[in-house]
Amino acid sequence: MKQIVLIVILAAVAAAVPLFVGESPYFMGIMISVLMMAALSSAWNLLGGYAGQYSFGHAAYFGAGAYTTMILISLFNLNPILCIVAGMVVACIIALITGSIVFRLRGHYFALASIAVAEIVRLSVLNFEFTGGAQGILLSDVSLWGLDLNSKNPFYYGMLLVLVITLAITAQLRKSKTGFYLQAIREDQDAAASLGINLAFYKNKALLISAVLTSVLGSLYGVYIRFIDTSAVLDLKLSIEIILTAIIGGVGTLWGPVVGALLLVPLAEMLRSNYLGDVLVNAGLVSETSAFGLFLKENLAHAHVLVYGIITVLCILYLPKGILGLFRRVK
Amino acid sequence: MIQHLLHISHVSKHFGGNVAVSDVSFSVDEKQIFGLIGPNGAGKTTLFNCITGFFPATYGDVIFDNKKINSLRPDEVCHLGMVRTWQRVKPLGNLTVLENVMVGAFCITNSIREAEAIAQENLQSVGLTEYVGKSAGSLPIGLKKKLELARVLATHPKMLLLDEICGGLNYTETGSILDIIRSVREKGATIVFIEHDMKAVTSICDRIVVLNSGVKLAEGTPEEITNNPDVIAAYLGGGHHA
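This one's a predicted model, so the numbers in the text were calculated from it and none came from an experiment.

K.L.:
For this particular structure, what's the right way to read the overall build of chain B?
P.N.:
Along the backbone of chain B there are nine helices and ten strands. A globule of 242 residues ought to have a C-alpha radius of gyration of about 18 Å, and chain B, at 18 Å, matches this closely. Along the longest, intermediate and shortest principal axes, the C-alpha atoms of chain B span 60 × 40 × 35 Å. Classification of the 242 residues of chain B by burial places 55% in the buried group. The contacts in chain B between residues at least 6 apart in sequence include a share of 64% that link residues at least 24 apart.

In structure tokens:
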């Protein structure tokens, strides 16, 4: 109950943010990315953090939502809400097929198989004609209930809503039989089975909830950017980013993915836009023409993936339970 | 097979060419404490795995409560009222002691509140009440064994299969586990247990089966077993001259 109140309060605070920064599309863009990554990572956390089933293929569900929505809008100009529902159905189907095959495997094999399924989805989309193949899908116009879909606000609130729903489901789950069962599966599958837990059923349940939430975010993303291709929504890189956000924030905690996204998304953006180099140069600490200045300007912006990787390694070495793990009661 | 709660009929388990259990049959009656003993590698744990659905038997039938359970999954077997513990304890390490037992209790209830009540009750019966908030992984081995016992008791089983529940425990700890087992039987459950500690087995069991190299060597009351020359030979070596 306490957690639900906290979720509502923080959601209200987040909902007020656009009122103050409404004029800055750049900032809003970053905030939308933060909310989306927080929600994606929270949805992954239901399966990875609570049931302990590390999926490396969540891009498949994100892509399922994005592609289904974009195809239906561009071909039939369907109401985007219906398209989101259709995306959920497609994600369900992929999840059920994946789960029924892959959950027979344990441990590392599940992680590997989830990559394989995601790659199958990616390669299929790349080679079908109705999915736009390598060119992707571009949406020229989309409308819903007279909302201004050229503004970022509807997407900000959309992402926020999905994040709140995901967090509420997570908080509720932790207080339910299913939540106990998922954690039992994470801790020891044999013990769980011997205590009457149907492993495949509960793993599939977690995967299904996780996949459906992920697909909604994919749908929102597609309509928001209005252009998708396989490298944007079905790439292994996306799956890994989702996992890293959860790991750095704190796997198996309610707020870990949110903390991870608040930290990593702006950081990635700063590195990408060479914010650090600009600050140092502007402060007069580094000359723009010096070797170090040139290095910052020329290389650091391209090295954001490297920096990201270093942070991940440091986190794994020194904060194995994530940032929130630091605050967890040690019993 | 009328009043037998568990009936093992000609069960064999092969792993490739290796025969771990060969043509073993016996029956366990309701409210019995039934011992399964034998030297290391005799096939006792494998037989438990066949009975509880972890590996299906290669040949033979397992009949529990008049139902054939050969091809059921472990969770289905548990829901029929047969639950096991593990020789190497399997605590849900990052959950608390209370949460561990609640997981067991969810076998018979969907409500958090009821599960917690059942868990508290069973923790009390094994004497772990003061540890409820501790993480299960941090308990010493003796208490982990008791935790396993509380967790299976919370499923309200008809039959418990205990795999070396006294293994690695000292004299006092063994005694307190045996007391718990007796009181569980008083409440109407049936117990099959694997044990190495002959003193523990003979003091508590109504009937004993001895396995050796996957084959049933003897069956009988504790007195019959302790006086059986084949059993003595199997335990002390020698005896069998080809």
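K.L.:
Teacher, can you tell me more about the overall build of chain A here?
P.N.:
When helices and strands are counted, chain A shows 16 helices and two strands. Its C-alpha atoms put chain A at 65 × 55 × 40 Å along the principal axes. Counting the 331 residues in chain A, one finds 52% classified as buried. Counted over contacts in chain A with a minimum sequence separation of 6, partners at least 24 positions apart contribute 79%. Element-wise, carbon and sulfur atoms account for 69% of the exposed surface of chain A, whose accessible area totals about 15500 Å².

K.L.:
Got a minute to help me understand the sheet that holds strand β9 (residues 207-212) of chain B in this structure?
P.N.:
The strands making up a sheet associate through hydrogen bonds between their backbones, and the pairing can be parallel or antiparallel. Residue and element names in this part refer to chain B. Strands sit in the order β6-β7-β8-β3-β9-β10 across an open sheet of six strands; the sheet is mixed. Each of the sheet's edge strands pairs with one partner strand only, and the pair in question is β6 (82-84) and β10 (215-220). Here the strands of the sheet are splayed against their neighbours by 15° on average, with no regard to which way each runs. Each of β6 and β7 (159-163) is contacted by helix α5 (residues 141-153), which is oriented at about 160° to β7, the strand it contacts most.

K.L.:
Where do I start with the packing of helix α4 (residues 112-126) of chain B against α5 of chain B in this structure?
P.N.:
Each pair of packed helices can be described by the angle between their axes along with the distance between the axes. All names here are of chain B. In the contact formed by α4 and α5, the axes pass within 9 Å of each other and the chain directions differ by 140°. Viewed along their axes, α4 and α5 adopt a mutual orientation that is oblique. Of the two possible hands of crossing, α4 and α5 adopt the one that is right-handed. Residues Asn122, Leu123, Ser125 and Val126 of α4 lie in contact with α5, whose contacting residues are Lys146, Leu147, Leu149, Ala150 and Leu153. Partitioning the contact of α4 with α5 into residue classes produces six nonpolar, two polar and one charged.

K.L.:
Sorry, what's going on with the environment of Lys44 of chain B here?
P.N.:
Residues and elements named next belong to chain B. Structurally, Lys44 can be placed in helix α1 (residues 44-51). Accessibility expressed as a relative area gives 6% for Lys44, which makes it buried. Between the C-alpha atom of Lys44 and that of Ser213, which follows or precedes it by 169 residues, the distance is 9.5 Å. If near-sequence neighbours (up to four positions away) are discounted, Lys44 is found in contact with Leu36, Ile37, Gly38, Pro39, Ile194, His196 and Leu211.

K.L.:
Would you mind going over the packing of helix α2 (residues 25-50) of chain A against helix α12 (residues 256-272) of chain A with me for this structure?
P.N.:
Residue and element names in this part refer to chain A. Orientation of α2 relative to α12, taken along the N-to-C sense of each, is 140°, at an axis distance of 8 Å. When the interaxial angle is binned, α2 and α12 end up oblique. For α2 against α12, the interelement crossing comes out right-handed. Every residue of α12 that contacts α2 at Tyr26, Ile30, Ser33, Val34, Met37, Ala38, Ser41, Ser42 and Asn45 is listed here: Pro257, Val258, Ala261, Leu262, Val265, Pro266 and Glu269. In terms of residue class, the contact of α2 with α12 is made up of eleven nonpolar, four polar and one charged.

K.L.:
What should I look at first to understand the interface of chain B and chain A in this one?
P.N.:
Note on interface size: it is often stated as the accessible area lost on association of the parts. Each side of the interface is counted separately: chain B has 29 residues, and chain A has 20 residues. Between chain B and chain A, a total of about 2000 Å² is buried, with carbon and sulfur atoms accounting for 64% of that surface. Broken down residue by residue, the surface that chain B buries against chain A is led by Leu92, Val103 and Phe106 of chain B, which jointly contribute 23%. Of the charged contacts in the structure, one is a salt bridge between Asp190 of chain A and Lys90 of chain B, with a shortest N-O distance of 3.8 Å.

Here is what the cut-offs are and how they apply
- Residues numbered from 1 in each chain as written.
- Chains lettered and ligands numbered in written order.
- Predicted model: local features only at pLDDT ≥ 70, side-chain atom pairs only at ≥ 80, totals over all residues.
- Heavy atoms only, no water.
- Helix = DSSP H or I, 4+ residues; strand = E, 2+ residues; numbered from the N terminus.
- Rg over C-alpha atoms; globule rule 2.2 N^0.38 Å.
- Buried < 20%, exposed > 50% of the residue type's maximum accessible area, 1.4 Å probe, protein only.
- Contact = heavy atoms within 4.5 Å.
- Areas by Shrake-Rupley, 256 points an atom, 1.4 Å probe, with all protein chains shown as cover.
- Pairing = 2+ DSSP bridges.
- Axes fitted to C-alpha atoms, helices over the stretch in contact; angles between N-to-C directions.
- Parallel < 35°, antiparallel > 145°, perpendicular 65-115°, else oblique.
- Left-handed = near helix turned anticlockwise from the far one by under 90°.
- Nonpolar A, V, L, I, M, F, W, Y, C, P; charged D, E, K, R; others polar.
- Buried area = accessible area lost by both parts, 1.4 Å probe.
- Salt bridge = Lys/Arg side-chain N within 4 Å of Asp/Glu carboxyl O.

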